[in-house]
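Single-letter residue listing:
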Amino acid sequence: WRWMRGLAQGVTPLVNLMWERALQSAVLGVDETPVMELGGPGRTLKGYLWVGVGDAHHPYDCFFYASDRRGIRAEEMLTGFEGYLTSDAYIAYERLGTLWPGVVNASCWVHARRKFEAVHHLGATDQTRTAMSYFQKLLDIEDRYRQSSDEERLAARLEKSKSIVDDFREWLWAERLRQLPKSKLAGAINYMLNRWDSFTRFLEHGAVPMDNNAAERALKYPILGRKAWLFFGNPTAGETAAKLFTLTKTCNRHHIDPFAYLQDVYARLPTMGPDELPLLLPDRWIEDHPQHLIQRRVQEALDRAQRARERRAERRRAA
């Protein structure tokens, strides 16, 4: 444990620089997940591992740990950020759009769809089928232009998606009047209508995604190992893990061999000045060490994306 703590302390300047760069993103994705923390003999507490995912120009996946989920944690983590903040509907994130003029909340359509899916699975009706068809149309358009530039994607959204979004809103307003106030379908409808402006942010900027999937995928990285490490021993251990997750997950994002990267970082960082620190940023480092790019991982990612596109295309043809 002391070794791990020492390693995390040694790379703190680099991890801090990665987060400083991520905060410069025009679009930043955030999310959090519970983890267990030891609270004494025979007692555990619920802590939280938070993640902030930078955009394509600031490609860093940064983790933070806190022993609670209070809104102040999100404020501390995101201090200085100005741009589009993609997230779920957790009030800590939504408040930032009100408290900080420079932050613009962008809600996740996938989270909204899950609420309608839950109602649909309880018992399909014409109303749930209609709602699901709207989601499907919009997400299919996104899929077609996923590989396009931000400008091309925005143009396609304004041409193809905006009219569907407008029709969907009219349908939601009309359907809400026909539902019992406490019905599950009314709850799903209100979830969207109460945040409608944030759900339409993707029509303002081509780089704003319709979902927060990037942050959710980033959280899966440490969570896949949770059954192995089970818990953090104390808050400091959580902070240690968060710093090391930041480095290794960003290596994963760029398909970098993490052992080669960390070996070089720990060999060079102690003697580097602040001006040289950017040389160790993963996206910059791999430019100077292309031999450590894991080509197999790159190809696997390309193949996985192609299979997903083919499945979605097949579904559209079947519809």
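Presented here is an overview of the structure given in this document.

Cut-offs applied
- Residues numbered from 1 in each chain as written.
- Predicted model: local features only at pLDDT ≥ 70, side-chain atom pairs only at ≥ 80, totals over all residues.
- Heavy atoms only, no water.
- Buried < 20%, exposed > 50% of the residue type's maximum accessible area, 1.4 Å probe, protein only.
- Helix = DSSP H or I, 4+ residues; strand = E, 2+ residues; numbered from the N terminus.
- Arc of directions from axis to C-beta.
- Contact = heavy atoms within 4.5 Å.
- Patch = residues over 30% accessible without salt bridge, like charges linked within 9 Å, V, L, I, M, F, W, Y side chains within 5 Å.
- Areas by Shrake-Rupley, 256 points an atom, 1.4 Å probe, with all protein chains shown as cover.
- Salt bridge = Lys/Arg side-chain N within 4 Å of Asp/Glu carboxyl O.
- Pairing = 2+ DSSP bridges.
- Phe/Tyr/Trp six-rings, centres within 6.5 Å; stacked < 30°, edge-to-face > 60°.
- Lys NZ or Arg CZ within 6 Å of the ring centre and 35° of its normal.

Here we come to helix α4 (residues 91–99). In an α-helix, one full turn covers 3.6 residues, which means residues spaced three or four apart are oriented alike. Of the positions making up α4, those classed as buried are A92, Y93 and L96. The buried side chains of α4 occupy one side of the element, clustering within an arc of 100° when seen end-on. On its buried face, α4 sits against β1 (27–40), β2 (43–53), α3 (71–78), β4 (83–87) and β5 (103–107).

Before going further, it helps to spend a moment on a nonpolar patch on the surface. A grouping of M36, L38, L230 and F231 is seen on the molecular surface, where their side chains present a nonpolar patch of about 330 Å² in accessible area. Its relative accessible area of 36% is what places F231 among the partly exposed residues.

Here we take up the pairing of strand β3 (residues 61–66). With five of its six residues buried, β3 lies for the most part within the structure. As paired strands, β2 and β3 are joined by six bridges and run antiparallel to one another. Bridge pairing in β3 links V53 to D61.

So, on to the pattern of salt bridges. Overall, the coordinates contain 19 salt bridges when judged by the stated rule. Here K249 and D61 are joined by a salt bridge, their closest N and O atoms 2.8 Å apart. With K249 in helix α12 (residues 235–254) and D61 in strand β3, the pair connects residues that are 188 residues apart, well separated along the chain. Using a relative accessible area of 8% as the deciding quantity, one classes K249 as buried. Taking the relative accessible area as the measure of exposure, D61 reaches 3% and is therefore buried. Linking R157 and E142 is a salt bridge whose minimum nitrogen-to-oxygen distance equals 2.8 Å.

Each aromatic ring pair is summarised here by two numbers: the centre-to-centre distance and the angle between the ring planes. Scanning the entire structure with this criterion turns up 22 aromatic pairs. Here the aromatic rings of W50 and Y93 are separated by 6.3 Å at their centres, their planes lie at 90°, and the arrangement is edge-to-face. A residue pair is termed long-range when its members are at least 10 positions apart, and W50 in strand β2 and Y93 in helix α4 qualify at 43 residues. In this structure, W50 and Y93 share a single accessibility class: buried. Put simply, the rings of W109, F116, Y134, F135, F168, W171, Y191, W196, F199 and F202 pair up and form one aromatic cluster. The ring of Y191 carries the charged tip of K115 above its face, separated from the ring centre by 4.7 Å. In this structure, K137 is placed above the aromatic ring of Y134, and the distance from its NZ or CZ to the ring centre is 5.8 Å.

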